Amino acid sequence: MLEIEFVKQKRTIKAEEGETVREAAIRNKLSIYPHIFKILNCRGRGLCHSCAMEVVSGNTAPRNDIENQQLSGKLDKNPRLRLACQVKVSDNMVVKTHI
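Figured I'd write up the structure that's included with this text. (Residues numbered from 1 in each chain as written. Predicted model: local features only at pLDDT ≥ 70, side-chain atom pairs only at ≥ 80, totals over all residues. Heavy atoms only, no water.)

### Looking at the overall build of the chain
So, step 1. A tally of helices and strands in the chain yields 2 helices and 5 strands.
So, step 2. Scanning the chain from its N terminus toward the C terminus, one meets helices and strands in the order β-β-α-β-α-β-β.
So, step 3. Principal axes of the C-alpha set define a box for the chain whose edges measure 35 × 30 × 20 Å.
So, step 4. Classification of the 99 residues of the chain by burial places 41% in the buried group.
So, step 5. In the chain, once contacts between residues fewer than 6 apart in sequence are set aside, the share between residues at least 24 apart is 55%.
So, step 6. Within the structure as shown, the chain displays about 5800 Å² of accessible surface, and the carbon and sulfur contribution to it stands at 51%. (Helix = DSSP H or I, 4+ residues; strand = E, 2+ residues; numbered from the N terminus. Buried < 20%, exposed > 50% of the residue type's maximum accessible area, 1.4 Å probe, protein only. Contact = heavy atoms within 4.5 Å. Areas by Shrake-Rupley, 256 points an atom, 1.4 Å probe, with all protein chains shown as cover.)

### A few points about the sheet that holds strand E5 (residues 93–96)
So, step 1. If you trace the 5 strands from one edge of the open sheet to the other, you get E2-E1-E5-E3-E4, paired in mixed fashion. Among the strands making up the open sheet, the edge pair consists of strand E2 (11–15) and strand E4 (81–83). Taken over all neighbouring pairs, the strand axes of this sheet differ in orientation by 40° on average, direction set aside.
So, step 2. The sheet contact formed by strand E1 (residues 2–6) and E5 spans 3 bridges and is parallel. Among the inter-strand pairings, Phe6 is bridged to a residue of E5, identified as Val95. (Pairing = 2+ DSSP bridges. Axes fitted to C-alpha atoms, helices over the stretch in contact; angles between N-to-C directions.)

### So, the pattern of salt bridges
So, step 1. If you walk through the whole model with that rule in mind, you get 4 salt bridges.
So, step 2. Taking the shortest distance from any N to any O, the salt bridge between Lys14 and Glu3 comes out at 2.9 Å. Linking Lys14 in strand E2 with Glu3 in strand E1, this pair joins segments that are 11 residues apart in sequence.
So, step 3. In this structure Lys14 comes out as partly exposed when scored by relative accessible area, which is 41%.
So, step 4. Across the salt bridge formed by Arg82 and Glu67, the nearest N and O atoms sit 2.8 Å from each other. Pair noted here: Arg82 is in strand E4 and Glu67 is in helix H2 (residues 65–70), with a separation of 15 residues, a long-range link.
So, step 5. A relative accessible area of 6% places Arg82 in the buried class.
So, step 6. By relative accessible area, which is 0% here, Glu67 ends up buried. (Salt bridge = Lys/Arg side-chain N within 4 Å of Asp/Glu carboxyl O.)

### Brief notes about the nonpolar core
So, step 1. Grouped together as the largest cluster of nonpolar side chains are 25 residues, with contacts concentrated most on Ile4, Phe6, Val21, Met53 and Met93.
So, step 2. Of all the secondary structure elements, the ones that give two or more residues to this core are E1, E2, helix H1 (21–27), strand E3 (52–57), E4 and E5.
So, step 3. With sequence-adjacent residues up to four places away left out, Ile4 is seen in contact with Arg11, Thr12, Ile13, Ala15, Val21, Ala24, Val89, Met93 and Val95. (Core = buried A, V, L, I, M, F, W, Y, C linked by side-chain atoms within 4.5 Å.)

### Observations regarding unusual backbone geometry
So, step 1. Here Lys10, not a glycine, exhibits a phi torsion of approximately 55°, which is positive.
So, step 2. With respect to the helices, strands and loops of the structure, Lys10 is situated in the loop between E1 and E2.
So, step 3. Look at His35: it is not a glycine, yet its phi comes out positive at around 50°.
So, step 4. You can see His35 is positioned in the loop between H1 and E3.

What follows is the structure, given as structure tokens:
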């Protein structure tokens, strides 16, 4: 099992290789959504960008088309932004959510 450290929540969870960061967080009862988006989100389809996170460390696959489209306006400010619903876990990671 791999580990994902969530900096703002001060919590580290176990994750299975191949599951998304969102799936791992939900399985471990950790909310990655800020405010009202805990209820109003796209349920992992990459349509709302409410699960945006910064990958502080860890290897990930390159951004997919959904991420490039949803994060296009924010990537100039922070090129390490990703969507938790699109990033598959393949390495131990440190992430910041509620971006």
